[in-house]
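Observations on chain architecture
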Amino acid sequence: MSQPREMVRAVEVASFGCRLNLVESEAMRRAAECAGRENLVIVNTCAVTGEAVRQARQTIRRIRRERPSAEIVVTGCAAEIDPWQFSQMPEVSRVLGNAHKSDAAAWASLQPAPPQSIMDAAGPLHIPAEGVEDHTRAFLAVQTGCDHRCTFCIIPFARGPSRSSPAEAILASVRRLTDQGFREIVLTGVDLTSYGQDLGDIRLGGLVKAILKAAPDLERLRLSSIDCIEADADLFAAFAEEPRLAPHLHLSLQAGDDMILKRMKRRHLRADAVRLCADLKRLRPDIVFGADLIAGFPTETDAMFENTARLIEDCGLAYLHVFPFSPRPGTPAAKMPAVAPALVKQRAGRLRLAGETALARHHATKIGATVRVLTERGGFGRAADFTLVKTEGAAPAQMLDIRIARDDGKSVSGAVLPGGRPARAEGAFAALV
Ligand code: SF4
């Protein structure tokens, strides 16, 4: 779970959780700054695990100690699900629900916003797309909310029904971001594959194709996490035909046992996940998969867990996000017969170890190969298939060709070959070079 990112400014943001929160945090900070707000700290919370909520409360206390006079506004999924737990904290000035957080008006006014449940949210999504501070890649929120009801998940009650941004608004954002010099755009949302279902005339695959057609200068388009059973035909075609669509897909698999998938109320079975990966690998041989897996879901037996562990190889996964099951109050899974905490921990440990082996297997395929890397801050960059590559001393936002020689565990490294493409020192990127 990512630690809060803080920026020392008139308006500070501590952002927890997913990329969608990161994009919204940036939009809220800019809206509050544009409204001339001063000495304001926004805490954008996450509700995916109990640990995320605990860290947000801990951060709020620390910020109050460090900034006794600041106004502290708490928003985000944990605040939407249980506003009381934050409004009761003496450190907190105001709690703002998810329904209002992207409204510029909410940041111009000092008055509490009228209470509105996110479950009543309707209409197209609009989150201003600006590059996130010191990020080389631009995250573009195209969808929010979720109409599914996985039994372990609290997100639909924090984000409301699925809503999409109109395609023309997204294309305008893409043009603006490429004009600003962004070389990679990452499409993000809560349930990305439900993009367009509320708009009627377009799905995720169609959007991907439209973006790549409208932005010939965009070097890379990447998708954040998707639901494997809802990939549409155009998306398959885009992976087969569009070299600028990054050959990397993070799948929300959660488990590899059909009984557990049923009890999770997931819409796919084990065979569907294996087939999707095989089909995409056939269409795009260089594609690399990551996945979310939950360890210790209630009622999970040893045999069921082994089915999940074997999925890593059966799907050819390279990147794993492992979540020890964390009961979320208000979800059906929280009432199911739990697996002993020690066993949950042990199984999560085994999956993480298997994840390291899978990553090493992926890195081994890179040794001796030349990969094109988009450099970021902090001495690392990403290849198109999301391989993490060491780029010590290289300025951010460059496309470098690197001959890979070593596997350093979490990343690989090698020699920079002449001929890479330097950063395009224009717009927002001038400051980064
Ligand atoms: S698809 Fe399931 S896991 Fe994902 S946000 Fe919706 S309910 Fe949660």
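Bear in mind that the values here come from a model prediction, so they are computed numbers and not experimental data.

Rules and cut-offs
Residues numbered from 1 in each chain as written. Predicted model: local features only at pLDDT ≥ 70, side-chain atom pairs only at ≥ 80, totals over all residues. Heavy atoms only, no water. Pairing = 2+ DSSP bridges. Helix = DSSP H or I, 4+ residues; strand = E, 2+ residues; numbered from the N terminus. Axes fitted to C-alpha atoms, helices over the stretch in contact; angles between N-to-C directions. Contact = heavy atoms within 4.5 Å. Near = heavy atom within 4 Å. Nonpolar A, V, L, I, M, F, W, Y, C, P; charged D, E, K, R; others polar. Core = buried A, V, L, I, M, F, W, Y, C linked by side-chain atoms within 4.5 Å. Buried < 20%, exposed > 50% of the residue type's maximum accessible area, 1.4 Å probe, protein only. Domains from an automatic or database assignment. Buried area = accessible area lost by both parts, 1.4 Å probe. Phe/Tyr/Trp six-rings, centres within 6.5 Å; stacked < 30°, edge-to-face > 60°. Lys NZ or Arg CZ within 6 Å of the ring centre and 35° of its normal.

Moving on: the sheet that holds strand 12 (residues 317-324). The sheet built from 3 strands is open, its strands ordered 10-11-12 with parallel pairing. Of all strands in the sheet, those bounded by a partner on one side alone are strand 10 (248-254) and strand 12. Going across the sheet, the axis of each strand differs from the next one's by a mean of 20°, ignoring polarity. Across 5 bridges, strand 10 lies against strand 11 (residues 288-295) in parallel orientation. Bridging from a neighbouring strand, Leu249 pairs with Phe289 of strand 11. Across the sheet, helix 13 (residues 341-364) is in contact with strand 11 and strand 12; its angle to strand 12 comes to roughly 165°.

Okay, the site of the ligand next. The environment of the ligand is made up of Cys146, His148, Cys150, Phe152, Cys153, Ile155, Pro156, Val190, Arg266 and Arg267. Split by residue class, the shell around the ligand holds 7 nonpolar, 1 polar and 2 charged.

By size, the foremost hydrophobic cluster in this structure holds 53 residues, and its most contacted members are Leu187, Leu207, Leu223, Leu251 and Leu253. Once residues lying within four places of it in the same chain are set aside, the contact partners of Leu223 are Val186, Leu187, Leu192, Leu204, Val208, Leu235, Phe239, Leu245 and Leu249. The next biggest cluster of nonpolar side chains, apart from the first, holds 23 residues, and it includes Cys46, Ala56, Ile154 and Ala158.

A few words now on the domain arrangement of the protein. Segmenting the protein into domains produces domain 1 (11-115), domain 2 (123-246) and domain 3 (370-421). The distance between the C-alpha centroids of domain 2 and domain 3 comes to 26 Å. Residue-level contacts link 9 residues of domain 2 with 16 residues of domain 3. Both sides of the domain 2 and domain 3 interface together cover about 1000 Å² of buried area, and 52% of this is carbon and sulfur.

Right, let's talk about the packing of aromatic side chains for a bit. Applying the stated criterion across every chain yields a total of 3 aromatic pairs. With a centroid separation of 5.5 Å and 80° between ring planes, the pair formed by Phe297 and Phe325 is classed as edge-to-face. Of the two residues, Phe297 sits in the loop between strand 11 and helix 12 (302-314) while Phe325 sits in the loop between strand 12 and helix 13, which places them 28 residues apart along the sequence. Judged by relative accessible area, which is 0%, Phe297 ranks as buried. Assessed through its relative accessible area of 15%, Phe325 is described here as buried. One aromatic cluster in this structure is built from Phe152, Phe297 and Phe325. Between the NZ or CZ atom of Arg382 and the centre of the ring of Phe386, over which it lies, the distance is 3.8 Å.

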